[in-house]
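The chain contents come next:
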Amino acid sequence: MLKRVSWFAVAAMATAGFSANVQADAGHIWSQGGELLVQTSFFTRHYSKDPDHNENQRLINLEWTFAETDNVNVQRPSGGDWRDDIRWLVGAGTFKNSFDQRSTYIYGGGRYNYYDTETTRAYAKVTAGLLHGYRGEYRDKIPMNRFGVAPAILPAFGVEHHRVNLEMIPFGTAGVMFNIGYVFR
């Protein structure tokens, strides 16, 4: 069931993201100024050697970053600060997990651009969501996976140059994955 829901979520995000340029209604969730990131993994390394580990994730990830909003309703004692610059996002990805099982991650999170010019951005991102796909003898390889779905929190660090995106994602104490993607605006 979760597999069908995750594919539906990915399809819905793709459809809505590509139609964002057609619908420029500022009150709509897919308003102008949002961005669709399409990614795949190109390098993965586990910190510990295990013959069962898969180093080729075959990731397909879609991520929607919402348009920047004016946080005038947020009253801070010291005025505006870095928290006002966080861009909110949602996403879904499908990949082969460390044990070569098809898995799905559905998430939400925030991204903070700490370097931002007209052509280049560097950012830090944190996502939190649900991870499905660790089954059978590998079910207990991730914490809290009692019912086949576990919570996950993943940090990421990335650079975007002329819409080409490179991102590094450490996944807990298990390893690190590098992704490449393209941003549709």
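In short, a report on the structure. Every value quoted in this text rests on a predicted model; they were computed, and no experiment measured them. (Residues numbered from 1 in each chain as written. Predicted model: local features only at pLDDT ≥ 70, side-chain atom pairs only at ≥ 80, totals over all residues. Heavy atoms only, no water.)

### Some details on the packing of aromatic side chains
Okay, step 1: This model, assessed by the stated rule, comprises 6 aromatic pairs.
Okay, step 2: Look at Phe42 and Phe178: their rings are 6.5 Å apart centre to centre, the planes differ by 45°, and that puts the pair in the tilted class. In this pair, Phe42 is assigned in strand β1 (residues 35–46) and Phe178 in strand β8 (residues 175–184), connecting sequence segments 136 residues apart.
Okay, step 3: The exposure class assigned to Phe42 is exposed, which follows from its relative accessible area of 51%.
Okay, step 4: Relative accessible area serves as the criterion here: at 27%, Phe178 is assigned to the partly exposed category. (Phe/Tyr/Trp six-rings, centres within 6.5 Å; stacked < 30°, edge-to-face > 60°. Helix = DSSP H or I, 4+ residues; strand = E, 2+ residues; numbered from the N terminus. Buried < 20%, exposed > 50% of the residue type's maximum accessible area, 1.4 Å probe, protein only.)

### As for the layout of surface pockets
Okay, step 1: Of the pockets and cavities examined, the largest pocket occupies roughly 880 Å³.
Okay, step 2: Every residue lining the largest pocket is counted, 39 residues in all, and those nearest its centre are Leu131, Tyr134, Leu154, Phe171 and Gly172.
Okay, step 3: Elements with a minimum of two residues in the lining of the largest pocket: β1, β2 (60–65), β3 (87–96), β4 (102–116), β5 (120–132), β6 (149–161), β7 (164–171) and β8.
Okay, step 4: Broken down by element, the lining of the largest pocket gets its largest block of residues, 7 residues, from β6.
Okay, step 5: Looking at side-chain class alone, the lining of the largest pocket contains 21 nonpolar, 13 polar and 5 charged residues.
Okay, step 6: What the second largest pocket holds in volume is close to 200 Å³.
Okay, step 7: Taken together, 11 residues form the lining of the second largest pocket, with Glu68, Asp84, Asp85, Ile86 and Arg87 sitting closest to its centre.
Okay, step 8: Counting only elements with at least two residues in the lining of the second largest pocket, the list comes to β3 and β4.
Okay, step 9: By residue class, the composition of the lining of the second largest pocket is 4 nonpolar, 2 polar and 5 charged. (1 Å grid on protein atoms, 1.4 Å probe; cavity = no way out; pocket = protein on both sides within 12 Å on 5 of 7 lines; lining within 4 Å. Points joined across faces, edges and corners; volume = space filled by probe spheres on them. Nonpolar A, V, L, I, M, F, W, Y, C, P; charged D, E, K, R; others polar.)

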